[in-house]
Amino acid sequence: MFRTRWVGFTAAALLAASALPALSQAPAGVTLFEGARLIVGDGSAPIENSAFVVTENRITAVGRRGAVNVPPGTPRVDITGKTVIPALVDDHVHMGYRRGTSFTADNYTRENLLDMLDRYAFYGIAAVLETGTGRGDLPYKVRAEVRTGTRYLTTGSGFGMPNAGPGGAMRDSAYGVTNEADARKDVQELAAHKADMVKIWVDDRAGTVEKLTPDLYRAIIDEAHKHNMRVMAHTTELADAKALLRAGLDGFAHMVRDKEIDAEFLALVKERPNVFFLETLWGERRAIYGGKPGWLDDPTLREAFSTEDLKQLGEQLAGEPNANPQAVQRARTMAETNLRNTAKLYAAGGRIGLGTDTGGVSGGQFFGLGSHVELELLVTRVGLTPMQALVVGTKTSAENLGLSDLGTIAPGKSADFIVLDANPLDNIANTRRINRVYLRGQEIPRGALSAKWNAKG
Ligand SMILES: [Zn+2]
C-alpha cells in the first residue's frame, strides 16, 4: 500500500499500516469491507448490509454480508451505517492553469498538475479528462508517471482557428489551423502521443473570433478516426451540433444552449447512440443559481479550499454586482435552455455525462467539489432521480472515456469507491458527506492532504 505517489505522507502511511490487523494468516493485500449500503453504479437496487472484497487494486467479490467467503484472518473494515458509491468520473476539466485564485499559464507545472490530481482524489474523482488545453509534452509525462490516485487522461492540445480556441490564459495551448494538411499532421502528432481523445472548438464566441470551419473539422475527425481516436467538440449552437453529428463527431463538451433541441437533432442522436453530451452545469453555476446556495456554508469546504477561494465562490454565486444586466439575462436564458435540453435529451435516451469545466475560465479552482455539485444539479435542476444521476456520474462518465474498469463496484473492476456518511438516494448532496475515498485500492490520505493545503493557507 501507499507506494510511489504518497512519498510525502510516509508518517501517515506508517500509522495507517500499523493500525491494520495482523496479515499473517490471510493472503497479502486482501481486505473485506462489510456492513455498508452498496450502490453498485449500474442503476440496480442497492445492496443493504453488503460485503465486498478488495484484492490489491481490484474488487474481487461483492454480495450480502455473510455471503462473501474470505480466508480466515482476512482484515475486515466495518463500515456499517455508511453508504458506498463508485468513485466519480469527470469528463471535462482543465488542468494546470488554476492555483488558488490565480489563473495563468505560468501555473502549468508538474507540481501543480499533481496537486490538482490530489484535489480530485480528495473528492473521490477516479478519473478526469483534460480537454484540449494541455501544454507541450508535460501532460503525457505526468500521465505516464501517475500510478496511484486520480487517473489523468488528456486530449493534449485541441484545435481552433489561429488564436480562436480556448479562453483566457489557456488560449495559446491549442493548435491554430488554417488548412487540412496541417490539421491532419497535428492529429498525427496527438496519435503519436496516444492522446486519450481529440478536442476541437467550434464557437465564434459571440462573434469575437473565427469559428473552426466544417472542412477543417471534417479533416480532423477523419484523421482522428483513422488513428482510432474519438473527437469531442466545444460547441453551443444547435446548427453546429447537427452539422458536427453529421460529420461523425463522438462527443460534446457542452450542451446545446442557444435553442431548444428538436426532432431532427434527436433523430441524429438516435442514429449515433454512443455520442456523449456533457452539460458543464458547474461551469454555468453563476447563471443557474440566483444567489448563494446553502451548501456554501458547509464547514467541510474549508478542508480543501482557502478563505479566498470560498470568498470568490460566494461572490460568483451571489451574482457579481457590476455585471451587465443584459449579459446576466442572456447567460440565464442559455443556462435554462441547457437544463431543458439536458432533460429532453436524457428522456429521449441520449447519453449524458458528468463534465464540469473545472479549472477552465468558468469552472474555477473548485476541483472535485464542482463534480459533486454538478451531480446535485442533475437532480435538482434537470429532474433526474438520485440513482439516475449517480449512474451518469459513475458508469456512464467512465464509459464515455473508454474506462471499462471504472464506474461500477463489481468483481474485476478497479477498487475506486467513496464511503459516505449519509445516503445519496435520500439526498444527492450526501455524495459530499465523504468519510473515506479509495482509488485503485488505496485509501487517499485526505487528512494529510487537507493539512498540507491549509498549512499553505
Ligand atoms: Zn472547457
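What counts, and where the lines are drawn
Residues numbered from 1 in each chain as written. Predicted model: local features only at pLDDT ≥ 70, side-chain atom pairs only at ≥ 80, totals over all residues. Heavy atoms only, no water. Pairing = 2+ DSSP bridges. Helix = DSSP H or I, 4+ residues; strand = E, 2+ residues; numbered from the N terminus. Donors = N, O, S within 2.8 Å, 3.2 Å for Na, K, Ca; no water. Buried < 20%, exposed > 50% of the residue type's maximum accessible area, 1.4 Å probe, protein only. Arc of directions from axis to C-beta. Contact = heavy atoms within 4.5 Å. Right-handed = clockwise from strand over helix to strand, strands pointing away. Core = buried A, V, L, I, M, F, W, Y, C linked by side-chain atoms within 4.5 Å.

Structural notes on the sheet that holds strand β2 (residues 37-38)
Sheet architecture is open: five strands sit in the order β2-β6-β19-β20-β21, paired in mixed fashion. Either end of the sheet is taken by a strand with one partner, and the two such strands are β2 and β21 (442-443). Relative to strand β20 (residues 434-439), strand β19 (residues 417-420) is paired through four bridges, and the arrangement is antiparallel. Looking at the pairing, F417 lines up with Y438 of β20.

Some words on the coordination of the zinc ion
Where a metal carries four tetrahedral donors, each ideal angle is 109.5 degrees; where it carries six octahedral donors, the ideal angles are 90 or 180 degrees. Within the first shell, the zinc ion binds the protein through H92 (NE2), H94 (NE2) and D357 (OD), at distances of 2.0 to 2.1 Å. Of note, the donors binding the zinc ion are all from one chain and are spaced H-x1-H-x262-D. Here the residue H94 occupies a position in the loop between β7 (88-93) and β8 (98-99), and D357 occupies one in the loop between β18 (351-353) and α11 (369-380), the gap between them amounting to 263 residues. The exposure classification of H94 matches that of D357, with both residues buried.

Some details on helix α3 (residues 138-145)
Regarding α3, the residues found buried are P139, Y140, V142 and R143. Take α3 and look down its axis: the buried residues cluster within an arc of 165°, on one side only. Considering only its buried residues, α3 is in contact with α2 (110-122), β10 (125-130), β11 (151-154) and α4 (180-192).

Concerning the pairing of strand β15 (residues 231-234)
Neither face of β15 is open: one carries V231 and A233, the other M232 and H234, and all of them are buried. Of the pairings in the sheet, the one linking strand β14 (residues 198-201) to β15 comprises four bridges and is parallel in character. Pairing of I200 across the sheet is with A233, part of β15. In this fold, β14 hands off to helix α5 (residues 214-226), which returns the chain to β15; that crossover is right-handed. Pairing geometry for β15 and strand β16 (residues 251-252), over two bridges, is parallel. Within β16, the position partnered with M232 by the bridge is G251.

Structural notes on the environment of N57
Inspection of the secondary structure assignment puts N57 in the loop between β3 (50-55) and β4 (58-64). Note on N57: relative accessible area 34%, which makes it partly exposed. The spatial distance from the C-alpha of N57 to the C-alpha of L113 is 23 Å, given a sequence separation of 56 residues. If we ignore the near neighbours within four places in the chain, the residues touching N57 are K413, S414, A415, R440 and G441.

Focus on the nonpolar core
Ranked by internal contacts, the top residues of the largest apolar core, which has 116 residues, are I200, F265, W295, L369 and L378. With seven residues, the top contributor of residues to this core is α2. Not counting residues within four places of it along the chain, the set of residues in contact with I200 comprises F159, L212, Y217, I220, V231, M232, A233, H234, L244 and L249. Counting 14 residues, the second-largest nonpolar core is a separate cluster that includes F33, V54, I79 and I409.

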